[in-house]
Amino acid sequence: MITRLSSPTRHLRLMPRCRAQGFTLIELVVAIIIIMIMMAILLNRVRYYQEQAEKTAMEEVAGALQSALLLQYGQLLTRGQASDIAALVSDNPMSWLQKRPRTYVGEFFDPLPNSVVDGSWLFDLKSRDLIYIPRNHDNLRPNKEGKTWIRFHVTTHYETSRLPSLQDAPPTLTGILFEPVEPYVWF
């Protein structure tokens, strides 16, 4: 019996040509670039949503302070201490809360110290305003002073009587609000 030895080159010629398995260098670079672009888009969206969440958390604290203000107001009225309502305007609103937010850092005199961390609430003893300093403020328009923080204070609204017989009566308190010192644009 004669065995036929085949040469390695002949064997390769008989095999169908197939592409080598795996990525080429160009395909690998294109895939990495696409992944990097997708990651950049994702990180941008994550930062945007973090800023929206921070704004919502700030407005939640402001809403809790408005509710606490109304409770203080009602408490003064039921005790017959309506004359003390004016003191609410200069009081630190954080003192009305049973539990202060963990982002509240305390009371300071203006100008603010550099040690205050972004994302914090603080009470300005000079202006008697509660200030929120945002951590993410890419979409917050600076205020008139050019600062990217939001100041809140208590305002009272009085109304004089329209009846001719009560023209000399003192104005009546018609509303008390915890509101921004100046309107802010955030988003």
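Residues numbered from 1 in each chain as written. Predicted model: local features only at pLDDT ≥ 70, side-chain atom pairs only at ≥ 80, totals over all residues. Heavy atoms only, no water.

Caption draft 1: Just the nonpolar core, in detail. The biggest cluster of nonpolar side chains holds 26 residues, and the ones touching the most others in it are M94, W121, L130, F152 and F178. Broken down by secondary-structure element, the contributors of at least two residues to this core are α2 (25-78), β2 (120-124), β3 (129-133), β4 (150-159) and β5 (172-180). Ranked by residue count, the leading element in this core is α2, at 8 residues. With residues up to four places along the chain from it excluded, the contact list for F178 reads A62, L65, Q66, L69, P93, L130, F152, H153 and V154. V116, L122, I131 and W149 belong to the second largest nonpolar core, which has 6 residues in total. (Core = buried A, V, L, I, M, F, W, Y, C linked by side-chain atoms within 4.5 Å. Buried < 20%, exposed > 50% of the residue type's maximum accessible area, 1.4 Å probe, protein only. Helix = DSSP H or I, 4+ residues; strand = E, 2+ residues; numbered from the N terminus. Contact = heavy atoms within 4.5 Å.)

Caption draft 2: Here's a closer look at the pairing of β3. Counting buried positions over the 5 residues of β3 gives 5, a clear majority of the element. Here β3 shows two buried faces, one formed by D129, I131 and I133 and the other by L130 and Y132. The hairpin formed by β2 and β3 contains 4 residues between the paired strands, and R128 there has a positive phi angle of roughly 60°. Two strands pair when backbone bridges link them, and β3 and β4 are joined in this way by 3 bridges, in the antiparallel orientation. Its bridge partner lying in β4, L130 is registered against F152. (Pairing = 2+ DSSP bridges.)

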